[in-house]
Structure formats: C-alpha cells, structure tokens
Amino acid sequence: MRREHASRQHLSNRVWLTVLGIVVVLLLIIFGGIHHATSPVSKAKAQSVQIAKKYAGLKTTDGFYWTNLNQTYYTVAGKNNQNQSVYIIVPQKGGNVRVLQQSNGMTRDQALGRIWSKHNPKKVISAALSVFNGHPAWVVSYMNQKGQLCYETLSFKSGKVLQAIENI
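Being a predicted model, the structure only gives us computed values, none of them experimental.

Caption draft 1: Local environment of the overall build of the chain. The helix and strand tally for the chain stands at two helices and eight strands. When the helices and strands of the chain are placed in sequence order, the string is α-β-β-β-β-α-β-β-β-β. Across the 168 residues of the chain, 33% fall into the buried class. When contacts within the chain are restricted to residue pairs at least 6 apart in sequence, long-range pairs at least 24 apart make up 34% of them. Here the chain displays about 11100 Å² of accessible surface, and carbon together with sulfur accounts for 55% of that area.

See below:
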C-alpha cells in the first residue's frame, strides 16, 4: 500500500514538473516575442532621436510617435538647445527633417482634447504628429462608443479637420 502511494506521489511530482517546464518555456517564448516585436520600434526611436539631436539640436526627449499614412514618419518631441519645446518629424525613408516649434501649433494634448470633446470616444488608440498632404498634422485613431474604429486628422497649425474616417 505504501509503495503504491509513493509511486502515485512520484507520478504526481513528475506531472507537476512537466507542467511547470511547459509554462516556463511558454513564458520565454512570449517574452522573447514581445522583445523581438518591439525591437524595430526601439531602433527607429533611437535613430530618430540621433537625427533630431544632429539636425535640430534636441537636448531632451519627452515623446516619440510614429505613423504610417502613405509614408512612415517618426516624430520626436522634446526641448532643443535653446530650451524651446519642439517636434522633429523624421521620414523613415529619408527626406527633409521637419522641425516645428510646439508653440506654433496644437500640442498632442490639445488634439486629444478636441477628439474627446467632439466624439467622446470609448478609447483613444493613438495620437501622433505626422505629415498629411505635405503639411504637419495630428493623426488620432480611436474607438467610438459603438466600438468602431475611427480616424481624424487635424492640422497642426490650425486644428482644422483635414480628414475624418468613421465607423471602420
């Protein structure tokens, strides 16, 4: 009888060790996948910050955004060497780097405020400064109260709605 109990307990311990081993392997796969998935964004951010330091005298960074409309843009927010708040828009595939004084247009918080007051979204997914039809613009994506995906593009300078896509 004792031998049978000890044998069952040994089998139970082996099952638990096997389950624990599987859980550990799955966690390693998941965390490895997350790291691998975020790596390109981390590289893009590091490169964009380097470009912003070189071309715009960026001293400190307090935000990073990326968008992909017709082209991918990375935007770095921060302060330059003159302690001015700036946005630096860097095209992924090269081209002109745009340096914008934050005081010359809407801030991210102002763009979000307009979306919240106008649409009362269930959830804002992203708000990023980009280039739309050759001009700087805030691209905000959100879920409306019905759970449908919506986009609104606002002019950086005027706040005017440049494009609205609703109920996707």
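Caption draft 2: Just the environment of L100, in detail. Topologically, L100 is positioned in strand β4 (residues 98-101). In the structure, L100 is positioned 15 residues away from S85 in sequence and 8.7 Å away in space, judged by C-alpha atoms. With near-sequence residues (within four places) excluded, L100 lies in contact with S85, V86, Y87, I89, L129, P136 and F156.

Caption draft 3: Up close: the side chain of N80. Note on placement: N80 falls in strand β2 (residues 72-80). A distance of 3.0 Å separates the side chain of N80 from the backbone nitrogen of Q82, its partner in a polar contact. Apart from residues no more than four positions distant in its own chain, N80 is found in contact with A56, G57, L58, K59, V86 and Q101.

Caption draft 4: Inspection of the sheet that holds β2 at higher detail. The strand order across the open sheet built from four strands is β1-β2-β3-β4, with neighbouring strands paired in antiparallel fashion. Here the strands that pair on one side only, and so sit at the sheet edges, are β1 (58-68) and β4. Shown here is a sheet whose adjacent strand axes are inclined to one another by a mean of 20°, direction ignored. Looking at chain direction, β2 and strand β3 (residues 85-91) are connected through seven bridges and run antiparallel. Its bridge partner being in β3, Y73 is matched across the sheet by P91.

Caption draft 5: Representation of the pattern of salt bridges. This model, assessed by the stated rule, comprises one salt bridge. With a closest N to O distance of 3.5 Å, E152 and K118 form a salt bridge. One end of the pair, E152, is in strand β7 (residues 149-155); the other, K118, is in helix α2 (residues 108-119), and 34 residues separate them in sequence.

Caption draft 6: Here's a closer look at the nonpolar core. Ranked by size, the top nonpolar core spans 20 residues in total, and within it Y87, L129 and W138 carry the most contacts. For this core, the elements supplying multiple residues, two or more each, are β2, β3, α2, β5 (123-132), β6 (135-143) and β7. Here this core takes four residues from β5, the largest share from any one element. Counting eleven residues, the second-largest nonpolar core is a separate cluster that includes F64, V76, V86 and V90.

Caption draft 7: Geometry of the packing of aromatic side chains. Tallied over the full model, the rule gives four aromatic pairs. Considering the side-chain rings of Y65 and W138, the 5.8 Å spacing of their centres and the 75° angle between planes classify their relative orientation as edge-to-face. In this pair, Y65 is assigned in strand β1 and W138 in strand β6, connecting sequence segments 73 residues apart. According to the relative accessible area criterion, W138 is buried, its value standing at 0%. Judged by centre distance (5.5 Å) and plane angle (85°), the ring pair of Y87 and W138 falls under edge-to-face. Separated by 51 residues along the polypeptide, Y87 in strand β3 and W138 in strand β6 bring together distant segments of the chain. What makes Y87 buried here is its relative accessible area of 2%.

What counts, and where the lines are drawn
Residues numbered from 1 in each chain as written. Predicted model: local features only at pLDDT ≥ 70, side-chain atom pairs only at ≥ 80, totals over all residues. Heavy atoms only, no water. Helix = DSSP H or I, 4+ residues; strand = E, 2+ residues; numbered from the N terminus. Buried < 20%, exposed > 50% of the residue type's maximum accessible area, 1.4 Å probe, protein only. Contact = heavy atoms within 4.5 Å. Areas by Shrake-Rupley, 256 points an atom, 1.4 Å probe, with all protein chains shown as cover. Polar contact = N/O pair within 3.5 Å; in protein donor to acceptor, adjacent residues only side chain to side chain. Pairing = 2+ DSSP bridges. Axes fitted to C-alpha atoms, helices over the stretch in contact; angles between N-to-C directions. Salt bridge = Lys/Arg side-chain N within 4 Å of Asp/Glu carboxyl O. Core = buried A, V, L, I, M, F, W, Y, C linked by side-chain atoms within 4.5 Å. Phe/Tyr/Trp six-rings, centres within 6.5 Å; stacked < 30°, edge-to-face > 60°.

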